[in-house]
Amino acid sequence: MSTRSVVPFGPHHPVLPEPLHLDLVLEDEKVVEAIPSIGFVHRGLEKLVEKKDFNEFVYVAERICGICSFMHGMSYCEAVEHIMGVEIPPRAKYLRTIWCEMSRIHSHLLWLGLLADAFGFESLFMQSWRMREKILDMFETSTGGRVIFSVNKIGGQRKDMDNSMIRSFLDIFAGMEKDLKELTGTFLNDGAVRSRLDGVGVLTEQQARDFGAVGPFLRASGVQYDMRTTGYAAYGDIDLEPITSNIGDSYARTVVRVKEIFQSIDIIRQAAAKIPEGDFAVPVKGFPKGEYMMRVEQPRGEACYYVKANGTKFLDRFRVRTPTFANIPPMLETLKGSQLADVPILILTIDPCISCTER
Amino acid sequence: MSLFSFAKTEFRNLFSKPVTRLYPQEPRIYPERTRGHIENDMNACILCGLCSRKCPTGAIRVDRKEKSWAISRFSCIQCGCCVESCPKKCLSMKQAYTQPGAEKKTDVFTKPEAESKNAS
Ligand code: SF4
Ligand code: SF4
């Protein structure tokens, strides 16, 4: 009978730049239980909604997270637009779709880099981030910011992308695709990489449903569930099929995310072909009154935004349920029975974002 | 499954030039839309104070008595709301970022006539 010992993981750990703390209960090298604690970077952004004008809050919502900043801002705007009954111009919807998908590509590339870093493949990490840099440059060209874009507003977008800009982006994507194939080929086929991912941290479909996993973590376990199919922004006009895998291990999660990168490029192409001419914002008058629950698919999974307005310029309540928050319980489940050396990989395969979890 | 699938990329990297830039020797060329910092053309500014009311972070302070317009560089989030709201279009978003600083500084712009009065 081996003795149990408790090894703390985090809040500062070389593999994870963000403060997540886990107490790992070990039996020899095997994890029998993981007890999480979060709350190291709580900033109280939700409370700020009572102090900021609902138009100004867009900039706060964007700052919930530095990776999905566009989607946070957009979802907040869409929720308020639903409450106020504002119909935004179709061009704005397409612009939102294009920027959303660019965010998804950049987030997934970031994640691939971090994954490579977690198993010590430094040059693969650098290659992934080199590719991501191109997306950030495109963001800077189109919005003026690399991480925080400030292009959302209630009633549409604050900046337009003209057609020549969209075309130039498509050219960049066409060039990137070849590089991406080569890069992701290493992730998917390299023997050394696969030895770290194959069969590690299997989450069965039933477990994924029971513990409420979301996003690529859920889809890698064979559940076809993607909020984009609900058709917010311009997704209703776009042809897309959720990408799934039914293996459920860390390798499957990598495959799903890699395929989603190519899917996103395809969505951007579709959107660029269909984008209508016209205005990209409508003026909004008055104050919101009512409540709405907005659900969107972020790179990490489904995020829910609850907005309650009382007819003044300050909102009553703003609540975000971020994908990482939903993914922590299934992640703890996959940790049980894993080897201590695999813990960093397992934590990374949910693509944790602690800043947005704690807001 | 394959071994050395990354070798091609590695090999190419040996003979291609670096993707990074030797900053600051090689200056960065900003895209046109980069939100760097706010400048104010004090000749045109009428000190109406609309920009400071529109600013979400309260970074701008307008003092009519002193005829000055001040911006707290470290509060400003470069959102551009002030530029959009200014009736005289004297505010502009410049591409270059501000210098990093050891303390949180406020830049004060004064109307030219107030400056000459103070000087005399
Ligand atoms: S809004 Fe324009 S004119 Fe008015 S105080 Fe600000 S900078 Fe000056
Ligand atoms: S750019 Fe935004 S934060 Fe900065 S001074 Fe103007 S309104 Fe305020």
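Just so it is clear, the structure is predicted and the values come from calculations on it, not from any experiment. Positions within a chain are numbered from 1, following the residues in the order the chain's sequence is written. All chains are assigned letters beginning at A, and all ligands numbers beginning at 1, according to the order in which they are written. It should be noted that, the model being predicted, local features are given only for residues of pLDDT at least 70 and side-chain atom pairs only at 80 or more, the latter also being counted only at that level, while totals for whole chains, interfaces and linings use all residues. Working from all heavy atoms in the structure, the side-chain values ignore hydrogens and water.

## Concerning the interface of chain A and chain B
Okay, so step 1: Whether two residues are in contact is decided by their heavy atoms: any pair within 4.5 Å suffices. Taken together, the contact pairs 30 residues of chain A with 29 residues of chain B.
Okay, so step 2: Buried area: the sum, over both parts, of the accessible surface (1.4 Å probe) that disappears when the two are put together. Among the residues of chain A in contact with chain B, E140, R158 and E182 of chain A are the three that bury the most area, contributing 24% of the side total.
Okay, so step 3: Each salt bridge in this description consists of a side-chain nitrogen of Lys or Arg and a carboxyl oxygen of Asp or Glu lying within 4 Å of one another. Where chain A packs against chain B, one counts three salt bridges.
Okay, so step 4: Polar contacts, as counted here, are pairs of nitrogen or oxygen atoms within 3.5 Å of one another; within protein the pair requires one atom able to donate a hydrogen and one able to accept it, and residues that are adjacent in sequence qualify only if both atoms are side-chain atoms. Counting across the interface, chain A meets chain B through 13 residue pairs in polar contact (both at pLDDT 80 or more).
Okay, so step 5: Of all elements in the fold, only α4 (122–143), α5 (163–189) and α6 (191–197) of chain A reach the threshold of two or more residues within the side of chain A that touches chain B. Segments assigned H or I by DSSP are reported as helices when at least four residues long, segments assigned E as strands when at least two residues long, and all are numbered from the N terminus.

## A closer look at the confidence of the model for chain B
Residues and elements named next belong to chain B.
Okay, so step 1: Looking at chain B, pLDDT values average 82 and 91% of them are 70 or higher.
Okay, so step 2: Between the elements of chain B, mean pLDDT differs from a low of 62, seen in helix α4 (residues 112–119), to a high of 87, seen in strand β3 (residues 68–72).
Okay, so step 3: Here the complex is predicted with pTM 0.86, and the ipTM for its interfaces comes to 0.81. A residue's pLDDT is the predictor's confidence in that residue, given on a scale from 0 to 100.

## Description of the site of ligand 2
Okay, so step 1: Only a single heavy atom is needed: when it lies within 4 Å of a molecule or strand, its residue is near that molecule or strand. In the vicinity of ligand 2 there are 13 residues, among which C55, C76, C79, G80 and C82 of chain B approach most closely.
Okay, so step 2: Here the residues of the shell around ligand 2 sort into ten nonpolar, three polar and no charged. When residue character is reported, Ala, Val, Leu, Ile, Met, Phe, Trp, Tyr, Cys and Pro are called nonpolar, Asp, Glu, Lys and Arg charged, and the others, Gly included, polar.

## Some details on the nonpolar core
Okay, so step 1: If you look at the biggest cluster of nonpolar residues, it comprises 112 residues, and the most contacted ones within it are L22, Y76, M102, L109, I135, F173 and F318 of chain A.
Okay, so step 2: Ignoring anything within four residues of it in the chain, the contact list for F318 of chain A reads E46, V49, F57, I64, Y76, Y305, Y306 and V307 of chain A.
Okay, so step 3: Listed in part, the 16 residues of the second largest apolar core include I38, C55, A59 and I60 of chain B. The definition of a nonpolar core used throughout is a set of buried Ala, Val, Leu, Ile, Met, Phe, Trp, Tyr and Cys residues joined through side-chain atoms within 4.5 Å. Only protein chains enter the accessibility calculation, which uses a 1.4 Å probe; a residue whose area is less than 20% of its type maximum is buried, one above 50% is exposed, and one in between is partly exposed.

## Here we look at the packing of α4 of chain A against α5 of chain A
Residue and element names in this part refer to chain A.
Okay, so step 1: Between α4 and α5, the least distance of the axes is 11 Å, while the angle of their chain directions is 170°. Taken as axis vectors, α4 and α5 run roughly antiparallel relative to one another. Mapping the contact onto sequence places L124, Q127, S128, R130, M131, K134, I135, M138, T141 and S142 in α4 and M165, F169, I172, F173, M176, D179, L180, L183, T186 and F187 in α5. Here, axes are lines fitted to C-alpha atoms. For helices the fit covers the stretch in contact, and angles between N-to-C directions go from 0 to 180 degrees. Angular relationships are summarised with four words: roughly parallel below 35 degrees, roughly antiparallel beyond 145, roughly perpendicular across 65 to 115, and oblique for the angles in between.

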